[in-house]
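# Examining the three-dimensional arrangement
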Amino acid sequence: MERRDFLKTVGVAAMAGGMTSGLTGIACSKRKFTKGSGMKLSYEIKQLNLRHTWTIARNSSDFKQNVFVKLEKDGIVGIGEAAPNVRYGETPESTIEVLKKAVPLFANADPFKFVELGYDIQRLCEGQTAGKCALDIALMDWVGKALEQPLYRLWGLDPEKSPLTSFSIGIDTPEVMAQKTKEAEPYKILKVKVGKPEDEEFIKAVRSVAPYKPIRVDANEGWTDKDVAIRKIEWLVENGVEFIEQPMPSHMLEETRWLRDRSPVPIIADEAVKSARDIPTLAEAYDGINIKLMKSGGLQEALRMIWLAKSLGMKIMIGCMIESSVAITAAAQLCSLIDYADLDGNLLISNDPYVGATLADGQVVVNDKPGIGVREA
Ligand code: MG
């Protein structure tokens, strides 16, 4: 390796680990990289079929169309995924528009300047964070593969410290919810979707099958009256619920603060928080945040959110949309920094096109392959 290339590689490894010294344990790549050739961006839509019709307080679906991205340079391919969400004004088509805008950006990009490039991705267009997420995951996957290290190692994290993940039970008839709870037997924590007048029936159905399992609930903004919401929370806590996610619509910050002051369990923001700039305001009304790569616009912004939320003393959860193993395995890279994991998106689909992180004893386990560590199924 030429001295210039060696120094370049060492410099990137040091920056990736957030260190100015102490590269112990990071083996530097001997691979040579071309300068000035940029990266080739390609993308395709794939349909992900759901095992069960998926219903939450807002809507219902049998399949999802996600957009998969590849970034290629010097024979290395970084893989990313976008799960566009109508809640945030996204469709597969609007995601493709973001990717088209990114083609010239990557045509001249040096992927080792991934922090600078990450900010350029975030500036691509207003909103449309799923598309940005796909680009950021693919970029970081490429960097990890180029440096021949898993991302968690570049960031100095210990994946063995990841918390157990919850498994989500969507809204359905009490009979079907009980059946889904039976099928979720291998999972040690359940996250039950609520936000409807029949919430108590849903929880009773789950408790009829799993009387002692820890339960978390997600109302997906479904409660709009704070007096009703606090009564529901008190009942839920009596039935062993550990925390409440997004009880009220995201714009009802004052009402949520009122609720948080009276709730015996933490109130976690989901729809209310997308990126780091939302967090300081939310700290006044919520005990924690649910970070999703699809909302943050990728791994790099998720990491900034973790540092900021930690500094404000907030609990941190990493969640997901309906996603394949690509986005789930990417998110799992950060799990040792968080309090709660909710990474079951790939478990809800029947035709995952990729293989990556696995589930062992309720914990999402990443592998030691470079980058995010996924391959085609
Ligand atoms: Mg949620």
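Residues numbered from 1 in each chain as written. Predicted model: local features only at pLDDT ≥ 70, side-chain atom pairs only at ≥ 80, totals over all residues. Heavy atoms only, no water.

### Things to note about the overall build of the protein
Keep this limit in mind: Under the scheme used here, helices are H or I runs from DSSP no shorter than 4 residues and strands are E runs no shorter than 2 residues, and both carry numbers assigned from the N terminus. Atoms considered for the radius of gyration are the C-alpha atoms alone. The globule rule reads 2.2 Å times the number of residues to the power 0.38. Note on classification: 1.4 Å probe, protein chains only; a residue is buried when its accessible area is under 20% of the maximum for its type, exposed when over 50%, partly exposed between these limits. Contact between two residues is taken to exist if any of their heavy atoms lie within 4.5 Å; hydrogens are not considered. In this description, accessible areas are obtained by the Shrake-Rupley approach with a 1.4 Å probe, and a residue is regarded as covered only by the protein chains that are shown.
Along the backbone of the protein there are 13 helices and 15 strands. A globule of 377 residues ought to have a C-alpha radius of gyration of about 21 Å, and the protein, at 21 Å, matches this closely. Principal-axis analysis of the C-alpha atoms gives the protein an extent of 65 × 40 × 40 Å. Residues counted as buried form 58% of the 377 residues belonging to the protein. The contacts of the protein with a sequence gap of at least 6 include a subset with a gap of at least 24, amounting to 70%. Only carbon and sulfur atoms are counted for the fraction: they give 51% of the accessible area of the protein, which is about 15,400 Å².

### Brief notes about the coordination of the magnesium ion
In plain terms, the rule: Distances define the donors: N, O and S atoms within 2.8 Å of the metal qualify, as do those within 3.2 Å of Na, K or Ca. Water is excluded, so some sites may look unfinished.
For the magnesium ion, the full set of protein donor atoms is Asp218 (OD), Glu245 (OE) and Asp270 (OD), and the range of their distances to it is 2.1 to 2.2 Å. Each donor residue of the magnesium ion belongs to the same chain, with the gaps between them written as D-x26-E-x24-D. Within this pair, whereas Glu245 is found in strand E7 (residues 241-245), its partner Asp270 is found in the loop between strand E8 (267-269) and helix H10 (279-282), the two being separated by 25 residues in sequence. In this structure, Glu245 and Asp270 share a single accessibility class: buried.

### Points about the packing of aromatic side chains
To be explicit about the condition: For Phe, Tyr and Trp, rings pair up if their centres lie within 6.5 Å, where Trp contributes its six-membered ring, and each pair is then called stacked (planes under 30 degrees apart), edge-to-face (over 60) or tilted (otherwise). Criterion for a charge above a ring: Lys NZ or Arg CZ within 6 Å of the ring centre, and within 35 degrees of the ring normal.
According to the stated counting rule, one finds six aromatic pairs in the structure shown. Ring plane angle 5 degrees and centroid distance 4.3 Å describe the contact between Phe167 and Tyr187, whose orientation is recorded as stacked. Of this pair, Phe167 sits in strand E4 (residues 166-169) while Tyr187 sits in the loop between helix H6 (174-183) and strand E5 (189-193), and the two are 20 residues apart along the sequence. Among the residues examined, Phe167 registers a relative accessible area of 10% and is labelled buried. Overall, the relative accessible area of 12% leaves Tyr187 in the buried class. With 4.6 Å between their ring centres and 50 degrees between their planes, Phe243 and Tyr340 make a pair best called tilted. One end of the pair, Phe243, is in strand E7; the other, Tyr340, is in strand E11 (residues 340-341), with 97 residues separating them in the sequence. Take Phe243 and Tyr340: they sit in the same class, and that class is buried. Members of the aromatic cluster, joined through ring pairs, are Phe33, Phe112 and Trp142. Above the face of the Phe68 ring, Lys46 is positioned so that its terminal group lies 5.9 Å from the ring centre.

### Quick look at helix H3 (residues 114-122)
The line we're drawing: Working definition: the arc comes from the directions between the helix axis and the C-beta atoms, pointing outward to the latter.
Every buried residue of H3 is listed here: Phe114, Leu117, Gly118 and Ile121. For H3, the arc enclosing every buried residue in end-on projection is 105 degrees, short of the 170-degree limit, so these residues lie on one face.

### Quick look at the sheet that holds E4
Cut-off, in case you're wondering: Only when DSSP finds a minimum of two bridges between them are two strands counted as paired. Structural elements are reduced to axes, namely lines fitted to C-alpha atoms, with helices fitted over the stretch in contact, and the angle between N-to-C directions of any two is expressed from 0 to 180 degrees.
Strand order across the open sheet formed by eight strands is E4-E5-E6-E7-E8-E9-E10-E11, with parallel pairing between neighbours. With one partner strand each, in any of the chains shown, E4 and E11 form the two edges of the open sheet. Relative to strand E10 (residues 315-318), strand E9 (residues 288-291) is paired through four bridges, and the arrangement is parallel. Residue pairing in the sheet places Ile291 in a bridge with Ile318 of E10. Lying on the sheet, helix H7 (residues 199-209) is in contact with E5 and strand E6 (215-218); it crosses E5 at an angle near 155 degrees.

### Description of the sheet that holds strand E1 (residues 40-55)
Ordered by their spatial adjacency, three strands build an open sheet running E1-E2-E3, and the pairing between neighbours is antiparallel. Of all the strands in the sheet, the pair left with one neighbour each is E1 and strand E3 (76-82). If you compare each strand with its neighbour and ignore which way they point, the axes differ by 25 degrees on average. Bridge count for E1 against strand E2 (residues 60-73) is 12 bridges, and the pairing is antiparallel. Bridged to Leu48 within E2 is Lys64. Strands E1, E2 and E3 of the sheet are contacted by helix H2 (residues 92-107), whose axis makes an angle of about 155 degrees with E1.

### A few points about the pairing of E6
Rule in force here: Call a crossover right-handed when, viewed with both strands pointing away from you, the route from the first strand across the helix to the second goes clockwise.
Of the two faces of E6, both are covered, the one formed by Ile215 and Val217 as well as the one formed by Arg216 and Asp218. One ladder, built from four bridges, connects E5 with E6; its direction is parallel. When the sheet's bridge partners are listed, Lys191 is paired in E6 with Arg216. Handedness of the crossover is the feature at issue here: the chain leaves E5, passes through H7, returns alongside E6, and the resulting connection is right-handed. Relative to E7, E6 runs parallel, the two sharing three bridges. Counterpart to Val217 in the pairing with E7 is Ile244. Read as a crossover between parallel neighbours, the route from E6 over helix H8 (residues 226-238) to E7 is right-handed.

### Observations regarding the confidence of the model for the protein
Rules: What pLDDT conveys is the predictor's confidence in a given residue, as a value from 0 to 100.
Chain-level statistics for the protein give a pLDDT mean of 91 and a share of 92% at 70 or above. pLDDT under 50 marks residues 1-27. Its contacts with residues more than four places away, or in other chains, come to 34 contacts.

### Considerations on helix H13 (residues 325-332)
The following threshold applies: Whenever a nitrogen or oxygen atom comes within 3.5 Å of another N or O atom, the pair is scored as a polar contact, on the condition that within protein one atom can donate a hydrogen and the other can accept it, and that pairs from neighbouring residues in sequence are kept only if both atoms are in side chains.
With eight of its eight residues buried, H13 lies for the most part within the structure. Three or more residues of H13 are buried, namely Ser325, Val326, Ala327, Ile328, Thr329, Ala330, Ala331 and Ala332. The N-cap of H13, judged by a side-chain oxygen 3.0 Å from the amide nitrogen of Val326 a few residues on, is Ser324.

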